[in-house]
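# Coordinate inspection notes
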Amino acid sequence: KISFINEIANLCERVGADVRDVRMGIGSDRRIGYEFIYPGVGYGGSCFPKDVKALINTAREIGYAPQLLTAVDEVNNRQKQVVADKIISHFEARGGIAGKTLALWGLAFKANTDDTREAASLVIIERLTAQGMRVVCYDPVAGENVRKALKDNGLVTIVDSQYEALEMGDGADALAVVTEWNQFRNPDFQRIKKSLSNPVLFDGRNLYSPTMMSELGITYYSIGRIDPV
């Protein structure tokens, strides 16, 4: 269900549809429901990725080609790149991402855990820093895990406040929200706008209203929605 709704979200962006409308229609069928059909940055953690891969390997060992399971895994791996793709694309006409700074909120693979195994945040950080972007990260509980995991990456800084991530140095060039922690749902948007050198926000969890972001003058990208950038 997670990979399916992410695939639908990517399709929506390309045809000018809004995944929120599609989700309402799909979920209204009680045989499907609304659980696990929230588009985002893909699933992570210790269970879903491992179990899907284990089923794929078991199938292949007995000579069966598990096409659906393979697609679920491939879609999820690709979805972890979507936020990084949007960031790179946005800055392509602005001199590229090398030398730029990204404030990143959320490192855990989901809210209310310190687990960063198979987390999309790590994929995003690795992709962006490989191209010379500095990433200043904040997570309420998972920061120490990532600090240890990425201690050799000189372009990554872990801070102790979500607003410190925005305000370090001369201010970040953009903000990306990757984990749906409650404290990220209603931030101080005026402070965000003031702190960023150019107010641009990449929302990997669809936490905010595109209309409100437009009214605030924040360039906004989300998942599966046509945003008024």
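Above this text sits the structure in question.
In this report, the structure presented in the accompanying data block is examined. (Residues numbered from 1 in each chain as written. Predicted model: local features only at pLDDT ≥ 70, side-chain atom pairs only at ≥ 80, totals over all residues. Heavy atoms only, no water.)

Glancing now at the pattern of salt bridges. This structure, assessed with the given rule, holds 13 salt bridges. For glutamate 13, the salt bridge identified is with lysine 86, shortest N-O distance 3.0 Å. Of this pair, glutamate 13 sits in helix H1 (residues 2-15) while lysine 86 sits in helix H5 (residues 82-92), and the two are 73 residues apart along the sequence. According to the relative accessible area criterion, glutamate 13 is partly exposed, its value standing at 22%. (Salt bridge = Lys/Arg side-chain N within 4 Å of Asp/Glu carboxyl O. Helix = DSSP H or I, 4+ residues; strand = E, 2+ residues; numbered from the N terminus. Buried < 20%, exposed > 50% of the residue type's maximum accessible area, 1.4 Å probe, protein only.)

Below, the discussion takes up the nonpolar core. When a protein is soluble and globular, its nonpolar side chains tend to lie buried together. By size, the foremost hydrophobic cluster in this structure holds 52 residues, and its most contacted members are Ile87, Leu102, Leu104, Trp105, Leu128, Leu175 and Tyr208. Excluding residues within four positions of it along the chain, leucine 175 makes contact with Leu102, Ala103, Trp105, Leu166, Ile192, Leu196, Val200, Leu201 and Phe202. With 8 residues, the next largest nonpolar core counts Ile5, Ala9, Val19 and Ile37 among its residues. (Core = buried A, V, L, I, M, F, W, Y, C linked by side-chain atoms within 4.5 Å. Contact = heavy atoms within 4.5 Å.)

Our focus in this paragraph is the sheet that holds strand E5 (residues 200-203). Pairing within the open sheet is parallel, and its 6 strands lie in the order E3-E2-E1-E4-E5-E6. Looking at which strands have only one partner, the edges of the open sheet turn out to be strand E3 (156-158) and strand E6 (219-221). Mean inter-strand twist for the sheet, computed between neighbouring axes without regard to direction, equals 20 degrees. Pairing of E5 with E6, which is carried by 3 bridges, proceeds in the parallel orientation. Paired with phenylalanine 202 across the two strands is tyrosine 221, which belongs to E6. In the packing of H5 onto the sheet, the strands contacted are strand E1 (101-105), strand E4 (174-177), E5 and E6, and the crossing angle to E5 comes to about 160 degrees. Contacting E1, strand E2 (134-138) and E3, helix H6 (residues 120-129) runs over the sheet at an angle of about 175 degrees to E1. (Pairing = 2+ DSSP bridges. Axes fitted to C-alpha atoms, helices over the stretch in contact; angles between N-to-C directions.)

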